[in-house]
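# Tertiary structure, described
Chain by chain, the residues run as shown.
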Amino acid sequence: MNLSIGIVGLPNVGKSSLFQALTRKQVDTSNYPFATIDPNVGVVEVPDKRLTALAQTAQSARTVAAVVEFVDIAGLVSGAHKGEGLGNKFLQHIRETQSVAHVVRAFHKNDVMHVAGTISPERDIDIINTELLLKDLETAEHALARREREARSGNAEAKKAYEQLLLLKAELDAGKRPTEASFADVAKEFGLLSAKPMLYVINGKPEETKHITVLPSPHVFIDIKEELEMSALSWQEQEELGFHSQLPELIRAAYRLLGLITFFTAGEKEARAWTIIQQTNARAAGTAIHSDFEEKFIRAHIISYEDFISCGGWAGARNHGKLRVEGRDYIVKDGDVIEFKI
Ligand SMILES: Nc1nc2c(ncn2[C@@H]2O[C@H](COP(=O)(O)OP(=O)(O)OP(=O)(O)O)[C@@H](O)[C@H]2O)c(=O)[nH]1
Ligand SMILES: [Mg+2]
């Protein structure tokens, strides 16, 4: 499963700095089933305190956290959808990600040029979102032109798909992001940019961000420069300095935004967090571990995280009647500790 978050924004807003701060503590990718990683793709652990507690309870030799990928994308400019500033290439990079972290510059620094000359987070947000909308509008128009004849042929399915595209185009024309569930299929089929879940990252110090009148949602405030400087230090060292990094919250927010949840496996060898999409059944969830699991699935032994900790692990939970035996259709919940029987 390739779950990635594209870092998007105007030039010089702090995207690469954020990427560096996030990936300074790169995970050992040999633990994960990733193909080659591009230099602009970084794999980052999802901070989760439950994992440490699980490992202690299960006396696991090591822990392996869940991960998400961040992709550092070059700055977009106004006109990108028409190819301005290599725009089309960068928009293609965004298409390949599942969600977007939209970095917005609130920091003032004269020697860091702003493409539009002045600091205006509201305007910048608008420029980027307009570019994404215009690109999608172009995509929708091309698709409509291609499908018009098919739709007229009387094929009910083609007609329905065409009408869906018309609705989409109307939405985009009105300047609205097509984020409703009813557009999910079209959005997926065409890799629509503006339909991707978006997290706004407002970059600046509190005195610089407090002037923003309309805050986009959802958002996190981060002083990226400070985060980058601090990222050279360990979490403990940061704490000693009284610095509370916002990066863990950003990573968790991005994870939530993607509709992702975590289940755990816990044994002597390792305690590990695995990532699945909400509403995944037990049989499909197993494929996070190995693609074989779906076919070979027999049943799953499941204990909730809370029960696992309070009962002291597998044996204790079983004795207290907290171990459930679930079949293939069970919907896995965030925090389930699972042993797959295959
Ligand atoms: N003062 C201050 N400077 C920052 C901050 N974030 C980034 N910068 C500076 O802004 C400049 C550009 O930062 P980058 O992270 O390279 O920006 P970018 O968005 O990746 O830029 P492009 O890749 O050109 O689109 C660098 O000199 C950074 O040090 C910040 O929070 N405060
Ligand atoms: Mg950059």
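Below or above, wherever it landed, is the structure these notes cover. (Residues numbered from 1 in each chain as written. Chains lettered and ligands numbered in written order. Predicted model: local features only at pLDDT ≥ 70, side-chain atom pairs only at ≥ 80, totals over all residues. Heavy atoms only, no water.)

The tally for this structure, following the rule as stated, stands at five aromatic pairs. Taking the centre distance of 6.3 Å and the plane angle of 45 degrees together, the rings of F264 and Y305 count as tilted. One end of the pair, F264, is in strand β8 (residues 260–266); the other, Y305, is in helix α13 (residues 305–310), and 41 residues separate them in sequence. Classification of Y305 as buried rests on a relative accessible area of 15%. These aromatic residues form a ring-pair network of at least three members: F263, F293, F297 and F340. For the cation-ring pair, R50 lies above Y305, with the distance from its terminal atom to the ring centre recorded as 6.0 Å. Lying over the aromatic face of W274, R272 brings its terminal NZ or CZ to 4.2 Å of the ring centre. (Phe/Tyr/Trp six-rings, centres within 6.5 Å; stacked < 30°, edge-to-face > 60°. Helix = DSSP H or I, 4+ residues; strand = E, 2+ residues; numbered from the N terminus. Buried < 20%, exposed > 50% of the residue type's maximum accessible area, 1.4 Å probe, protein only. Lys NZ or Arg CZ within 6 Å of the ring centre and 35° of its normal.)

As a further point, take unusual backbone geometry. For residues besides glycine, phi is generally negative; the peptide bonds are generally trans as well. Omega for the peptide link from S217 to P218 comes to -10 degrees, which places this bond in the cis form. Position of P218 relative to the elements: it lies in the loop between α7 (206–209) and β7 (219–222). The phi dihedral of Q59 falls on the positive side, at around 50 degrees, and the residue is not glycine. You can call Q59 exposed: its relative accessible area is 65%. The phi angle at Q279 is positive, at roughly 70 degrees, despite the residue not being glycine. The residue Q279 is located in the loop between β9 (270–277) and α11 (282–285) in this model.

What follows deals with the site of ligand 1. For ligand 1, the set of nearby residues contains 16 residues, the closest of which are N12, K15, S16, S17 and N203. Contact between ligand 1 and K225: an oxygen atom at 3.3 Å from a main-chain N or O atom of the residue. Protein coverage of the free-state accessible area of ligand 1, which is 650 Å², stands at 73%. Residue assignment for the shell around ligand 1 shows that the elements contributing at least two residues are α1 (15–23) and α8 (224–230). Per-element tally for the shell around ligand 1: the top contributor is α1, with three residues. Here the shell around ligand 1 is composed, by residue class, of six nonpolar, six polar and four charged. (Near = heavy atom within 4 Å. Polar contact = N/O pair within 3.5 Å; in protein donor to acceptor, adjacent residues only side chain to side chain. Areas by Shrake-Rupley, 256 points an atom, 1.4 Å probe, with all protein chains shown as cover. Nonpolar A, V, L, I, M, F, W, Y, C, P; charged D, E, K, R; others polar.)

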